Amino acid sequence: MSGEIRAVDSHTAGEPTRIVLDGGPSLGDGTLAERLAIFRSTHDAYRRAIITEPRGSDVLVGGLLCEPHDPSCQAGVIFFNNVGFLGMCGHGLIGLVETLRAEGKIDVGQIHIETPVGKVAATLHDDGDISVSNVESYRVAKDIEVHADAFGTVCGDVAYGGNWFFLTNTPQLNVARSEISNLTDMACAIRRAVNEAGYPDVDHIEIFGEPEGQADSRNFVLCPGLEYDRSPCGTGTSAKLACLAADGKLAPHQTWIQQGVLGTSFACEYSWADAEQTRIKPTIRGRAFITAETRLKLTADDPFCWGIQ
Ligand code: PYC
């Protein structure tokens, strides 16, 4: 089979997104969760063709733009990466909204977008910023101790922000660019230990340290495919806000500036999602920049048509 996929590439605070506009797999017209199941079970080759080498790279996050099933949404999206699929993606959602703006499909104001894990609201602001009101986020475990091989005992929380995170501090390491290789090794060891400790769904590890300049915190986020998030991670920051809210360390509507390991930041806040104050609705504000408009060629006799595995 030969074909062509039209996509727009962007980056949000350094983290790249490739939004597929045309030529992606046909997934029917079910809910986004149902379409994700079909994508995963019968069209995974498209994910590899779009994301992995030779057309992509391990750090890239893809988003398939879909017609929404929910009539109150203007668009739907399924996010994926070098190893699988994501429930939600904060930086990717900001990249999607910037792509829709660049394609002339939306103007300043609010839209609603359906994802496999729920409906999110996104606002394109006058100044070019985009804020995402994410899915409900919450903490499920506090102060879990795990043994992370040579890195010793690590203590942290398990929380959901559209993906599953283990969140911890590292007194041993600086959260800084110069430490990315060590932070990656440590986060891999932590992830193995957290999964073995009974949290098999945790596939993102978030390590916190001291910020530089005007921010409240700096993070390093290990993604499922062993790449680190170049941005402060929208879903990871949502999980962080859920922990801060649960600990009474951040009040509703108080701004939290989350810096990523590269030094870029998101401005965030939350409101309570339920009367019992167990869940929050986080809002993440950032900016994306278009980097390329691309036509990916699928050529039948290309030995790497469906990616290098
Ligand atoms: O921004 O939510 C995010 C994200 C998840 C994985 C990479 N970025």
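In what follows, the structure referred to is the one given above.
Criteria and thresholds
Residues numbered from 1 in each chain as written. Predicted model: local features only at pLDDT ≥ 70, side-chain atom pairs only at ≥ 80, totals over all residues. Heavy atoms only, no water. Helix = DSSP H or I, 4+ residues; strand = E, 2+ residues; numbered from the N terminus. Rg over C-alpha atoms; globule rule 2.2 N^0.38 Å. Buried < 20%, exposed > 50% of the residue type's maximum accessible area, 1.4 Å probe, protein only. Contact = heavy atoms within 4.5 Å. Areas by Shrake-Rupley, 256 points an atom, 1.4 Å probe, with all protein chains shown as cover. Arc of directions from axis to C-beta. Core = buried A, V, L, I, M, F, W, Y, C linked by side-chain atoms within 4.5 Å. Phe/Tyr/Trp six-rings, centres within 6.5 Å; stacked < 30°, edge-to-face > 60°. Pairing = 2+ DSSP bridges. Axes fitted to C-alpha atoms, helices over the stretch in contact; angles between N-to-C directions. Parallel < 35°, antiparallel > 145°, perpendicular 65-115°, else oblique. Nonpolar A, V, L, I, M, F, W, Y, C, P; charged D, E, K, R; others polar. Salt bridge = Lys/Arg side-chain N within 4 Å of Asp/Glu carboxyl O.

A. Broad picture of the overall build of the protein. Secondary structure summary: the protein contains five helices and 17 strands in total. What you see for the protein is a C-alpha radius of gyration of 19 Å, in line with the 19 Å of a compact globule of 309 residues. For the protein, the spread of C-alpha atoms along the three principal axes comes to 50 × 40 × 35 Å. Taken across its 309 residues, the protein has 56% of its residues classed as buried. In the protein, once contacts between residues fewer than 6 apart in sequence are set aside, the share between residues at least 24 apart is 62%. Summing over all exposed atoms, the protein offers an accessible surface of approximately 12800 Å²; the carbon and sulfur share of this is 46%.

B. Spatial organisation of helix α1 (residues 32–42). Those residues of α1 not exposed but buried are L32, R35, L36 and F39. For α1, the arc enclosing every buried residue in end-on projection is 105°, short of the 170-degree limit, so these residues lie on one face. Residues of α1 that are exposed and point over 90 degrees away from its buried face: S41 and T42. Of the surrounding secondary structure, the elements contacted by the buried residues of α1 are α2 (44–51), β3 (61–66), β4 (75–80), β5 (85–86) and β6 (109–115).

C. The nonpolar core, seen in detail. Judged by nonpolar contacts, the single largest core of 39 residues is most densely connected at F79, L93, L96, V97, I113 and L241. Per-element accounting of this core gives the leading share, five residues, to helix α3 (residues 90–102). Here L241 is in contact with L250, W256, C268, E269, Y270, I280 and P282, once residues within four sequence places are set aside. Within the second largest apolar cluster, 25 residues are counted, among which are L173, L183, M186 and V261.

D. Local environment of the side chain of R191. If you trace the backbone, R191 turns up in helix α4 (residues 180–196). Residues contacting R191, with those up to four places away along its chain left out, are V202, D203, I205, L222, C223, P224 and L226.

E. Representation of unusual backbone geometry in the model. Looking along the chain, the bond that leaves E53 and enters P54 is cis, with omega of 5°. Examined against the element boundaries, P54 turns out to sit in the loop between α2 and β3. Of note, D149 is a non-glycine position whose phi angle comes to about 45°, a positive value. Examined against the element boundaries, D149 turns out to sit in the loop between β9 (138–147) and β10 (153–160). Positioned with a positive phi, C233 is a non-glycine residue whose angle comes to about 70°.

F. Geometry of the packing of aromatic side chains. Per the counting criterion, the structure on display carries nine aromatic pairs. With a centroid separation of 5.9 Å and an interplanar angle of 85°, the aromatic rings of Y138 and W164 are classed as edge-to-face. Placement of the pair is Y138 in strand β9 and W164 in strand β11 (residues 164–169), with a sequence separation of 26 residues. Overall, Y138 belongs to the buried group, its relative accessible area being 17%.

G. Representation of the pairing of β3 within the structure. Buried residues dominate β3, accounting for five of its six residues. Here strand β2 (residues 15–22) runs beside β3; their pairing, made up of four bridges, is parallel. Following the sheet pairing, V20 is matched in β3 by L64.

H. Quick look at the packing of α1 against α2. One way to put it is that α1 packs onto α2 with a least axis distance of 5 Å and a crossing angle of 80°. Classified by the angle between their axes, α1 and α2 sit roughly perpendicular to one another. Together, F39, R40 and T42 of α1 and D44, Y46 and R47 of α2 make up the contact between the two elements. Of the residues assigned to the contact of α1 with α2, the class counts are two nonpolar, one polar and three charged.

I. Representation of the pattern of salt bridges within the structure. Taken as a whole and judged by the stated rule, the model has 18 salt bridges. As a salt-bridge pair, D44 and R47 come within 2.6 Å of each other at their nearest N and O atoms. Taken together, the residues D44 and R47, both in helix α2 and three residues apart, mark about one turn of the helix. Take D44: its relative accessible area is 21%, and that puts it in the partly exposed class. Note that R192 is salt-bridged to D149, the shortest N-O span being 3.2 Å.

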